[in-house]
Protein chains: 2
Amino acid sequence: MASISDVIEKFFKELLEQNQGKTIQIQRNEVAKHFDCSPSQINYVLMTRFNVQHGYYIESRRGGGGFIKITMLRADNSQPVHRVLLKEIGSEIAKTQANRIIKALNEQQYISERESSIMKAAMEDQVLISPLNNRDQLRAQLLKGMITVLFQR
Amino acid sequence: MASISDVIEKFFKELLEQNQGKTIQIQRNEVAKHFDCSPSQINYVLMTRFNVQHGYYIESRRGGGGFIKITMLRADNSQPVHRVLLKEIGSEIAKTQANRIIKALNEQQYISERESSIMKAAMEDQVLISPLNNRDQLRAQLLKGMITVLFQR
DNA sequence: TTTAATTGACTTTCTTTGACTTTAATTATA
DNA sequence: TATAATTAAAGTCAAAGAAAGTCAATTAAA
């Protein structure tokens, strides 16, 4: 039996489809009323089914005229380059290696000069302040995140 | 439903656009009357949507013949935009604020859509894994780093 | 018996409104 | 003419209202 969370998930996905899978904007209280559930149920659905891992991301505003915006990333995981890169980066990566990948992306014209500068800036040790020794993990997360948005269809 | 603040924001942005995004001059009471809101609502809109973070600044005069002038930072080459931004970002910044700045940079054509996506990806909470609670500091470092490379030449 | 879903009380953030203050320009008065 | 009074703006601030976020306790499902 489908839970109310599943029903709400489906509802959002249908809305997104109607909107060519770009972006939808909802009012939490409206949706909650419509499905006769508690408002925080909506947050639960978003958290568990519309996070970055699932290929969505959420923005919102509180107060009068507040809203929740769901954006579909539609990362194209089928592109071999993308898949290979994510795998190569893995869970941690050193600065040199990261820069090598960025350079290659630029050389093969996946990204512009400027784009590569931005990405390299985010790979710098001075920028990745981190009390524990998890710089390389952080760098991997960042690089994978940035590359993923690049390969959107 | 868009708040009245959103509507007024849009109104000013359209006026600015008609004026090649340089400067506009308005009368607070006129605008308030036009949108049937309290005059201080105008100040609220200016404070929250036309501050330096958003790439604008405000001048005004009280009394007879008083006015409010909105200037796009971009139009004012006496102020190095990135200096102002770096200062504004400071040592830590929340995701919402960061995204605001990125959006403004895109709107004012300092950066492309793709560049803004890359930067936003690096601002995500899920990406900024951090054992201690220093996400906002990390984000500030990253954003400042990326902005710096964009404005160097 | 561990994981997932539901609920609701409480918190935080953003917007709206209005009463009161300050400043500038104009008009009236000594 | 110099000053005072009046009027015409804009500024400030705090209270009330509107919406979303958080978190922990319970309940249901696997």
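Note that the structure is predicted; figures quoted are calculated from it, not measured.

A word on helix α1 (residues 4–18) of chain A. Residues and elements named next belong to chain A. In this model α1 runs 21 Å from its N-terminal to its C-terminal C-alpha over 15 residues, within 8% of the 21 Å that 1.5 Å per residue would give. Every buried residue of α1 is accounted for by Ser5, Ile8, Glu9, Phe12 and Leu16. The buried residues of α1 occupy an angular sector of 105 degrees when the element is viewed end-on, so they sit on one face. Of the exposed residues in α1, the ones pointing more than 90 degrees away from its buried face are Lys10, Glu17 and Gln18. Packing partners of the buried residues in α1 comprise β1 (23–26), α2 (28–34), α3 (39–49), β2 (56–61) and β3 (67–72). With its phi angle positive at about 55 degrees, glutamine 20 sits one or two positions after the end of α1.

Okay, the interface of chain B and chain A next. The interface of chain B with chain A comprises 33 residues on the first partner and 34 residues on the second. Three residues stand out in chain B for area buried against chain A, namely Arg114(B), Ile118(B) and Ile129(B), and they jointly supply 21% of the buried area on that side. If you look at where chain B meets chain A, you find three salt bridges. At the junction of chain B with chain A, the criterion picks out six residue pairs in polar contact (both at pLDDT 80 or more). Breaking the side of chain B that touches chain A down by element, the ones donating at least two residues are α6 (113–121) and α7 (135–150) of chain B. With eight residues, α7(B) is the single largest residue contributor to the side of chain B that touches chain A. Among the residues making up the side of chain B that touches chain A, the classes are represented as 17 nonpolar, nine polar and seven charged.

A few words now on the sheet that holds strand β3 (residues 67–72) of chain B. Residue and element names in this part refer to chain B. Read from one edge of the open sheet, three strands run β1-β3-β2, paired in antiparallel fashion. The two strands at the open ends of the sheet, each matched to only one other strand, are β1 (23–26) and β2 (56–61). Direction aside, the axes of adjacent strands within the sheet are offset by 20 degrees on average. Pairing between β2 and β3: six bridges, direction antiparallel. Bridged to glutamate 59 within β3 is lysine 69. Where helix α1 (residues 4–18) meets the sheet, its contacts fall on β1, β2 and β3, and the angle it forms with β1 comes to roughly 125 degrees.

A few words now on the domain arrangement of chain A. Per the domain assignment, the segments making up chain A are domain 1 (4–72) and domain 2 (80–150). Here the C-alpha centroids of domain 1 of chain A and domain 2 of chain A sit 31 Å apart.

Residues and elements named next belong to chain B. The tally for this structure, following the rule as stated, stands at one cavity of 30 Å³ or more. Empty space within the largest cavity amounts to approximately 60 Å³. Of all elements in the fold, only α4 (81–89) and α5 (95–107) reach the threshold of two or more residues within the lining of the largest cavity. The leading source of residues in the lining of the largest cavity is α5, at three residues. The residue makeup of the lining of the largest cavity, split by class, is six nonpolar, four polar and no charged. For the lining of the largest cavity, the two domains that each supply at least three residues are domain 1 (4–74) and domain 2 (80–150).

Inspection of the entire model under this criterion finds 20 salt bridges over all chains. In this structure, Arg49(A) and Glu9(A) form a salt bridge, with 3.0 Å as the shortest nitrogen-oxygen distance. Here Arg49(A) is found in helix α3, whereas its partner Glu9(A) is found in helix α1, with 40 residues between them in sequence. What makes Glu9(A) buried here is its relative accessible area of 18%. Residues joined by salt bridges that share partners form a network here, namely Arg61(A), Asp6(B), Glu9(B), Lys13(B), Arg49(B), Lys103(B) and Glu107(B).

Scoring rules and cut-offs
Residues numbered from 1 in each chain as written. Chains lettered and ligands numbered in written order. Predicted model: local features only at pLDDT ≥ 70, side-chain atom pairs only at ≥ 80, totals over all residues. Heavy atoms only, no water. Helix = DSSP H or I, 4+ residues; strand = E, 2+ residues; numbered from the N terminus. Expected span 1.5 Å × (residues − 1). Buried < 20%, exposed > 50% of the residue type's maximum accessible area, 1.4 Å probe, protein only. Arc of directions from axis to C-beta. Contact = heavy atoms within 4.5 Å. Buried area = accessible area lost by both parts, 1.4 Å probe. Salt bridge = Lys/Arg side-chain N within 4 Å of Asp/Glu carboxyl O. Polar contact = N/O pair within 3.5 Å; in protein donor to acceptor, adjacent residues only side chain to side chain. Nonpolar A, V, L, I, M, F, W, Y, C, P; charged D, E, K, R; others polar. Pairing = 2+ DSSP bridges. Axes fitted to C-alpha atoms, helices over the stretch in contact; angles between N-to-C directions. Domains from an automatic or database assignment. 1 Å grid on protein atoms, 1.4 Å probe; cavity = no way out; pocket = protein on both sides within 12 Å on 5 of 7 lines; lining within 4 Å. Points joined across faces, edges and corners; volume = space filled by probe spheres on them.

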